[in-house]
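# Commentary on secondary and tertiary structure
Here's the letter readout for the chains.
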Amino acid sequence: MVQKRFGFVSVARFPAVIFHAYKTYASVLHCRNNRILLALAASQGWSLFQSDIEQAFLFGELDDVNLYIAQVPGVPCPPGHVCCLQKAVYGLHQAPLKFKQVLVSFFRDQGYVAANSSETIFIQRSSRGLMIHAIYVDGCLHFTDNPELFSEFSRLFDC
């Protein structure tokens, strides 16, 4: 039985555990912003690259939420106990948000600046050129006026 209003989930024979349903929204690139970036790329002659992050939602850390699951076959756990998740898994409501937090932190650490309040577009200007990254769900669009910048970024980003 799930009651999102109070944040409880009953799992079979295990006691109720906290479920933070209100912390699950992760903003994605708006289609209007996508069209604007594509139009800029076409008009300015920028190079466009796309990357898909494999198993993206497994990168999210569950450091501020305690989520428990029933025993998983093959995982050592004493009988009658539950497992506490430390990383996000697919199907978890918090997975997109937790992945986006990791991605935003990565871009900030690399010196990028968010171009919008939803933190879906990141920009970095240097003497060598311009790099723009647009985040959508589990991938990115990369725009640059210097393809060498993307080559360096892709080695760092491992995409």
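Notes on the structure in this doc start here. (Residues numbered from 1 in each chain as written. Predicted model: local features only at pLDDT ≥ 70, side-chain atom pairs only at ≥ 80, totals over all residues. Heavy atoms only, no water.)

This part covers the pairing of strand β8 (residues 121–126). Pairing of strand β7 (residues 113–114) with β8 involves two bridges; the strand directions are antiparallel. Of the residues in β8, the one forming a bridge with Val113 is Ile123. Taken together, β7 and the strand that follows it, β8, pair antiparallel across an intervening segment of six residues, in which Glu119 is found at a positive phi of about 55°. Two strands pair when backbone bridges link them, and β8 and strand β9 (residues 129–136) are joined in this way by six bridges, in the antiparallel orientation. (Pairing = 2+ DSSP bridges. Helix = DSSP H or I, 4+ residues; strand = E, 2+ residues; numbered from the N terminus.)

Below, the discussion takes up the environment of Phe59. With respect to the helices and strands, the residue Phe59 is situated in the loop between β4 (47–52) and β5 (68–69). For Phe59, a relative accessible area of 44% gives the class partly exposed. Here the alpha-carbon distance between Phe59 and Ala95, two residues 36 residues apart in the chain, equals 8.6 Å. Ignoring any residue separated from it by four or fewer positions in sequence, one finds Phe59 in contact with Ile53, Glu54, Lys87, Phe99 and Val102. (Buried < 20%, exposed > 50% of the residue type's maximum accessible area, 1.4 Å probe, protein only. Contact = heavy atoms within 4.5 Å.)

Our next topic: helix α1 (residues 31–44). Relative to the 20 Å expected for 14 residues at 1.5 Å per residue, α1 spans 20 Å between its end C-alpha atoms, a close match to the ideal helical length. Among all positions of α1, only Asn33, Leu37 and Ala41 are buried. When α1 is viewed along its axis, its buried side chains cluster within an angular range of 75° and face the same direction. Across from the buried face of α1, at angles greater than 90 degrees, the exposed residues are Arg35, Ala42 and Ser43. (Expected span 1.5 Å × (residues − 1). Arc of directions from axis to C-beta.)

This brings us to the sheet that holds β8. Strand order in this open sheet of five strands is β4-β10-β9-β8-β7, and the pairing throughout is antiparallel. Looking along the sheet, the strands with just one partner apiece sit at the ends: β4 and β7. Helix α3 (residues 147–157) rests against β4, β9 and β10 (139–144) of the sheet, and its axis sits at about 50° to β9. (Axes fitted to C-alpha atoms, helices over the stretch in contact; angles between N-to-C directions.)

Listing the buried residues of α3 in full gives Leu149, Phe150, Phe153, Ser154 and Phe157. Along the long axis of α3, the arc covered by the buried residues comes to 130°, so they all point the same way. Residues of α3 that are exposed and angled more than 90 degrees away from the buried face: Glu148 and Arg155. The elements touched by buried residues of α3 are β4, α2 (95–109), β9 and β10. One or two steps after α3, the chain reaches Asp158, where phi turns positive at roughly 60°.

Right, let's get into a nonpolar patch on the surface. Together, Ile69, Val72 and Val75 give the surface a local cluster of nonpolar side chains, amounting to about 200 Å² of exposed area. Along the chain, Ile69 turns up in strand β5. (Patch = residues over 30% accessible without salt bridge, like charges linked within 9 Å, V, L, I, M, F, W, Y side chains within 5 Å. Areas by Shrake-Rupley, 256 points an atom, 1.4 Å probe, with all protein chains shown as cover. Salt bridge = Lys/Arg side-chain N within 4 Å of Asp/Glu carboxyl O.)

A separate point is the packing of α2 against α3. Any two packed helices are characterised by the angle at which their axes cross and by the distance between the axes. Across the interface, α2 lies against α3 with an axial gap of 13 Å and an inter-helix angle of 130°. Between α2 and α3, the interaxial angle falls into the category oblique. Viewed along their axes, α2 and α3 form a crossing whose handedness is right-handed. Of α3, the residues touching α2 (which contributes Leu103, Phe106 and Phe107) are Phe153, Leu156 and Phe157. (Parallel < 35°, antiparallel > 145°, perpendicular 65-115°, else oblique. Left-handed = near helix turned anticlockwise from the far one by under 90°.)

Moving on, we come to the environment of Leu156. Residue position: Leu156 is located in helix α3. The exposure class assigned to Leu156 is partly exposed, which follows from its relative accessible area of 48%. Leu156 sits 46 residues away from Gln110 along the chain, and the two C-alpha atoms are 9.7 Å apart. Ignoring sequence-local partners within four residues, the contact set of Leu156 consists of Phe106 and Gln110.

So yeah, pure geometry; function would need other evidence.
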